[in-house]
Amino acid sequence: MDEEEDLFATSDGEDEKEKLTSPEDKKHLLRRELRNMMYGFGDDKVPYDKTLEVLEAITLNYIKELCELAMKVGKPDKLALEDIHYLIRRDVKKFARVKDLLSMSEELKKARKQFDDVKPI
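This text gives an overview of the structure that appears in the document.

Rules behind the numbers
- Residues numbered from 1 in each chain as written.
- Predicted model: local features only at pLDDT ≥ 70, side-chain atom pairs only at ≥ 80, totals over all residues.
- Heavy atoms only, no water.
- Salt bridge = Lys/Arg side-chain N within 4 Å of Asp/Glu carboxyl O.
- Buried < 20%, exposed > 50% of the residue type's maximum accessible area, 1.4 Å probe, protein only.
- Helix = DSSP H or I, 4+ residues; strand = E, 2+ residues; numbered from the N terminus.
- Axes fitted to C-alpha atoms, helices over the stretch in contact; angles between N-to-C directions.
- Parallel < 35°, antiparallel > 145°, perpendicular 65-115°, else oblique.
- Contact = heavy atoms within 4.5 Å.
- Nonpolar A, V, L, I, M, F, W, Y, C, P; charged D, E, K, R; others polar.
- Patch = residues over 30% accessible without salt bridge, like charges linked within 9 Å, V, L, I, M, F, W, Y side chains within 5 Å.
- Areas by Shrake-Rupley, 256 points an atom, 1.4 Å probe, with all protein chains shown as cover.

## Observations regarding the pattern of salt bridges
Part 1 of the reasoning: As enumerated under the stated definition, the model contains 5 salt bridges in all.
Part 2 of the reasoning: Ionic pairing is found between Arg32 and Glu33, a salt bridge with its closest N-O pair at 3.7 Å.
Part 3 of the reasoning: Taking relative accessible area as the criterion, Arg32 reaches 42% and is therefore assigned partly exposed.
Part 4 of the reasoning: Residue classification places Glu33 among the partly exposed positions, given a relative accessible area of 36%.
Part 5 of the reasoning: Across the pair Lys109 and Glu106 runs a salt bridge whose closest N-O atoms are separated by 3.9 Å.

If you want it as C-alpha cells, here you go:
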C-alpha cells in the first residue's frame, strides 16, 4: 500500500529540498529516478552502485552539454526553451516527447488554476 501512495503522492518541492540537505545527497540527484528506470527496463531492483554512477554521469554530462549548446544558439548566456527545441529538432523521438510533456504541463497548469479559482462553499 505504501508503494501506491508513493506513486500518486505530490511533492511540493519543500520535501525534495529537505531530502537533499547534505552535500553527499546533492551529488546523487538522479539516483532514485535512474534506479526506477533501470528496474522498469528489466534490471535488478537494487542495481550496482557503479552502474548508477556511470549512468548518472552520462545523463548529467548530456544535460550539461545540451544546455551549453542551447546557450550558444540563442541569446548569449541565456537558456531558452526554444533553443533546446532547436537543438533536438532532428531527433524525432525526443522532440515528440518534449512536445507531449510541455502540452501536458500546460493542461495541468490550467486544471490547477481552475481548481484554485473555484470558491469553497
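## Quick word on the environment of Ala57
Part 1 of the reasoning: Positionally, Ala57 belongs in helix H5 (residues 49–73).
Part 2 of the reasoning: The partly exposed category is assigned to Ala57, whose relative accessible area is 45%.
Part 3 of the reasoning: Expressed as a C-alpha distance, the spacing of Ala57 and His28, which sit 29 residues apart in the sequence, is 9.7 Å.

## Here we look at the environment of His28
Part 1 of the reasoning: With respect to the secondary-structure elements, His28 resides in the loop between helix H3 (23–27) and helix H4 (31–40).
Part 2 of the reasoning: Along the sequence, His28 and Leu52 sit 24 residues apart, while their C-alpha atoms lie 9.2 Å from each other.

## Observations regarding the packing of H4 against H5
Axis angle and axis distance: for two packed helices, these are the angle between their axes and the distance between the axes, and together they describe the pair.
Part 1 of the reasoning: One can describe the packing of H4 onto H5 by two numbers: an axis separation of 10 Å at closest approach and a directional angle of 110 degrees. In terms of orientation, H4 lies roughly perpendicular with respect to H5. Residues Arg31, Leu34, Arg35 and Met38 of H4 form the contact with H5, whose participating residues are Asp49, Thr51, Leu52, Glu53, Leu55, Glu56 and Thr59.
Part 2 of the reasoning: Here the residues of the contact of H4 with H5 sort into 4 nonpolar, 2 polar and 5 charged.

## Some words on the side chain of Arg31
Part 1 of the reasoning: Among the secondary structure elements, Arg31 is positioned in helix H4.
Part 2 of the reasoning: On the basis of relative accessibility, which here comes to 13%, the residue Arg31 falls in the buried class.

## A look at a nonpolar patch on the surface
Part 1 of the reasoning: There is a patch of nonpolar side chains on the surface, built from Leu60, Tyr62 and Ile63 and spanning about 250 Å² of accessible area.
Part 2 of the reasoning: Take Tyr62: it is sitting in helix H5.

## Here's the deal with the environment of Glu56
Part 1 of the reasoning: Along the chain, Glu56 turns up in helix H5.
Part 2 of the reasoning: Along the sequence, Glu56 and Leu29 sit 27 residues apart, while their C-alpha atoms lie 8.4 Å from each other.
Part 3 of the reasoning: If sequence neighbours within four positions are ignored, Glu56 has contacts with Lys27, His28, Leu29, Leu30, Arg31 and Leu34.

By themselves these figures say nothing about function.
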